[in-house]
Amino acid sequence: MFWADELAARVSGPQVVNDSKTPSGTVHVGSLRGPVLLDVIVRALRDRGIPTELRYGVDDMDPMDAQALLTPDAVERAMGVPLSRVPDPAEDGHPSYARHFAGLFVATFDGLGIHPDVYYWMSEEYGSGRMDPFIRSALDGAAAIREIYRRVSHVERPPGWLPVHVICPECGRIGTTLATDWDGETVAFACRADLVDWATGCGATGRLAPFSGSAKLPWNVDWAAKWSLFGVTIEPCGKDLATAGGSRDRADAVAREVFRRDPPLRVDYEFLNLGGRKMSTSKGYGAAAHEVAEVLPPEELRLLFLRPRPNQAIEFDPVGTDAIPRLFDEADRLAAATAGREVRGELPADHERLFAMSLVERPDDLLAEAAAFRQPFAHLAFLLQVPGIDVLARVEAEKGSPLTPRERELLGQRIASARAWLESYAPESARVAVQERLPDAAASLDDAQRSVLVGLAEALEDQQPWTGDALQAAVFEAARIRGVPAGRAFAALYTAFLDRTNGPRAGWLLASLDPAFVRERLRAAAGAGTLST
Ligand SMILES: [Zn+2]
């Protein structure tokens, strides 16, 4: 059974699925794995008739702690300040740094078919006073929380340490303050220059009531409080937080021992390793989520995250490789198998469910969606490089009938993807140019290769249909009847047309060209050696 269906089978009663994110800067594509998993869990629950709410939160009370995206004059002012109170560095109309970067990230959700029922902002939850009861419980239970930190994570807090971060009323920083001495209504605070090395507090001290938005809970405690506030029953958890003794274990213990509830069901998930390196939002490498969404249509991007089980890391190295074409090919195999066609190679377990879950919206007719004509990506990338070609006409010739509106939509997505891929990702070997004149290298073809080219030219005299598959078969046949290995025949074709010894599928190469030009070039290449001697 598909993993999300297994999860759905284990629960009963209405479910609240939650996740949240700190909007500390540009979000990289790997960060979309969590939201895609959330959506798949919600779909699986709803498919079983379980009433389900999906909540997605922005942890915008967290302190600004990464200065990469700030202008130099803003660093001194903004570091340590809640993200909801840091000005938008892009100055494009957002009220805050948090709104700008969270906005960029969640803007990708809709196109991926991820539709949270509720978006919430922790600055608003704190500001409204809805978090106040949990702040009070945490302060009353401070000793228990210190004990949980010690027991679960081996983190020692000093005896007077309190689980609350107040916003300094003097300088507005939250990352630089230390709170002590809870008297039931107020805490003492000190805004310290040396508390953290990424921000400098102003030195203010005093007492304040840590409620109604003037303070937040430390991250693990805040996490557990959200589960109580929203009644969360299921929450996925990225590997960085899921380690033994890590953040999630602490939050689970705080939920049980301080807020007196069971923590939500966990779905731990691994990272996406892009080009072998962990995609990190704080280290600045890797591709931004909204950039990768330009080269992968939503269904292929969903599939990238859904192919492995959540607890398996994803290795994806799209630059200078054929990883992107292979992802499209895998999507096509799943579609073909779902449509009942025979496919080569092994299929993943529950491949039909995987195909359905990769779709952005639930189609009215899954079989029709699966059966829709999909132009193989590598072929399309090649077609786009042939000057003067009518791509739609070529694709319709391959299909053998006009494209449906949905097929045109799929083709449009793929054309955009293939262009972006050729521009920024494709290896040199994928860049091809049909040579206007017969390449000099044709002189080096041997007699066996020449005989295949001549034979092929004859066989193509009345060739119908002029399609990639038909021409591919014709090449194989021309080689077979002359006893020439297919690889040598293909090399001859690439030499004659592309001036290189490898290339896209030969049938496709020929099908993209004018039949008379193809026959003429084949004959010229076959005679090239003779002419030159
Ligand atoms: Zn201060």
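Remember, it's a predicted structure, so these values are computed and weren't measured experimentally. In this convention, every chain numbers its residues from 1, walking through the sequence in written order. Given that the model is predicted, a residue must reach a pLDDT of at least 70 before its local features are reported, and side-chain atom pairs must reach 80 or more before they are shown or counted; all residues, however, enter totals for whole chains, interfaces and linings. Each side-chain value is worked out from all heavy atoms of the structure, with water and hydrogens disregarded.

Peer 1: Which residues make up the overall build of the chain, and what values do they have?
Peer 2: A helix here means a DSSP run of H or I that spans at least four residues, while a strand means a run of E at least two residues long, and both kinds are numbered starting from the N terminus. Secondary structure summary: the chain contains 23 helices and 13 strands in total. Only C-alpha atoms enter the radius of gyration; for comparison, a globular chain is expected to reach 2.2 Å times N to the power 0.38, where N is the number of residues. Compactness check: the chain gives a C-alpha radius of gyration of 30 Å against a globular reference of 24 Å for 533 residues, more than 25% above the reference. Along the first, second and third principal axes, the C-alpha atoms of the chain reach 100 × 55 × 40 Å. Looking at the 533 residues of the chain, the share that counts as buried comes to 54%. Note on areas: Shrake-Rupley, 1.4 Å probe, and residue coverage restricted to the protein chains presented here. Taken as a whole, the chain presents about 23000 Å² of accessible surface, with 50% of it coming from carbon and sulfur. Categorising residues by exposure relies on relative accessible area from a 1.4 Å probe, with only protein chains included: less than 20% of the type maximum marks a residue as buried, more than 50% marks it as exposed, and the intermediate range marks it as partly exposed.

Peer 1: Requested: an account of the coordination of the zinc ion, with residues and values cited.
Peer 2: Distances up to 2.8 Å from the metal define which N, O and S atoms are donors, and 3.2 Å serves for Na, K and Ca; water is absent from the atom set, so sites may look incomplete. Here the zinc ion is held by Cys168 (SG), Cys171 (SG), Cys191 (SG) and Cys202 (SG), and the distances to it run 2.1 to 2.3 Å. Tetrahedral means four donors with every angle between 85 and 135 degrees, whereas square planar (four donors) and octahedral (six donors) require angles over 155 degrees between opposite donors and between 65 and 115 for all others; sites fitting neither are termed irregular. With four donor atoms in place around the zinc ion and angles of 102 to 114° between them, the coordination shape is tetrahedral. Residue Cys171 is classed as partly exposed on the basis of its relative accessible area of 24%.

Peer 1: Mind laying out the pattern of salt bridges, listing which residues take part and the relevant values?
Peer 2: In a structure, side chains of opposite charge can pair up when their charged atoms sit close to one another. Take a side-chain nitrogen of Lys or Arg and a carboxyl oxygen of Asp or Glu: if they are within 4 Å of each other, that pair is a salt bridge. Considering all chains together, one arrives at 42 salt bridges under this definition. Where Arg266 meets Asp268, a salt bridge forms, and the shortest distance between an N and an O atom there is 3.2 Å. Look at Arg266 and you get partly exposed, because its relative accessible area is 26%. Exposure remark for Asp268: the relative accessible area of 30% places this residue in the partly exposed category. The partner of Arg414 in a salt bridge is Asp332, with the nearest N and O atoms 2.6 Å apart. Taken as a pair, Arg414 in helix α18 (residues 405-424) and Asp332 in helix α13 (residues 323-338) lie far apart in primary sequence, 82 residues in all. There is no split in this pair, since Arg414 and Asp332 are both buried. A single salt-bridge network, built from bridges that share partners, covers Glu147, Arg150, Arg151, Glu156 and Glu257.

Peer 1: Give me helix α7 (residues 142-153): which residues, what numbers.
Peer 2: In this model, α7 (twelve residues) spans 16 Å end to end at C-alpha, consistent with the 16 Å of a helix rising 1.5 Å per residue. Residues of α7 that are buried: Ala142, Ile145, Arg146, Ile148, Tyr149, Val152 and Ser153. Along the axis of α7, the buried positions cluster into a sector of 155°, meaning they face one direction only. Considering only its buried residues, α7 is in contact with α6 (132-140), α8 (219-230) and α10 (247-257). Take the number of residues in a helix, subtract one, and multiply by 1.5 Å to get its expected span. Regarding the arc, it is the one traced by the directions from the helix axis to the C-beta atoms. Throughout, a contact is declared for two residues whenever any of their heavy atoms are within 4.5 Å.

Peer 1: Talk me through the confidence of the model for the chain; I want residue IDs and the actual numbers.
Peer 2: Mean pLDDT over the chain: 91, with 96% of residues reaching 70 or higher. The pLDDT value expresses, per residue, how confident the predictor is, ranging between 0 and 100. Every residue in residues 276-285 is under pLDDT 50, and counting partners more than four places away or in other chains gives 24 contacts.

Peer 1: Got a sec to walk through the nonpolar core? Specific residues and values, please.
Peer 2: Core analysis: the biggest nonpolar cluster contains 69 residues, and Leu296, Leu301, Phe316, Ile324 and Trp421 have the highest contact counts within it. Top element by residues in this core is helix α2 (residues 33-47). It accounts for eight residues. When sequence neighbours within four positions are dropped, the list of residues in contact with Trp421 reads Val295, Pro318, Thr321, Ile324, Pro325, Phe377, Ala381, Ala426, Pro427 and Ala430. As used here, the term nonpolar core means buried Ala, Val, Leu, Ile, Met, Phe, Trp, Tyr and Cys residues forming a set that is joined through side-chain atoms within 4.5 Å. With 48 residues, the next largest nonpolar core counts Phe134, Ile174, Val221 and Ala253 among its residues.

Peer 1: Can you explain the packing of α2 against helix α14 (residues 351-358)? Please cite residues and give values.
Peer 2: In this analysis, axes come from line fits to C-alpha atoms, helices being fitted only over the stretch in contact, and the angle between any two N-to-C directions falls in the range 0 to 180 degrees. It is the contact of α2 with α14, at a shortest axis distance of 11 Å, that shows an interaxial angle of 115°. Taken together, α2 and α14 sit at an angle that is classed as roughly perpendicular. Like other packed secondary-structure pairs, α2 and α14 cross with a definite hand, here right-handed. Only Arg353, Ala356 and Met357 of α14 make contact with α2, whose side of the interface consists of Val40, Arg43, Ala44 and Asp47. Each residue is assigned to one of three groups, with Ala, Val, Leu, Ile, Met, Phe, Trp, Tyr, Cys and Pro labelled nonpolar, Asp, Glu, Lys and Arg labelled charged, and all others, Gly among them, labelled polar. Of the residues assigned to the contact of α2 with α14, the class counts are four nonpolar, no polar and three charged. Small angles under 35 degrees read as roughly parallel and large ones over 145 as roughly antiparallel, with 65 to 115 read as roughly perpendicular and the rest as oblique. The sense of a crossing depends on the near helix, which, turned anticlockwise from the far helix by less than a right angle, makes the crossing left-handed and, turned clockwise, makes it right-handed.

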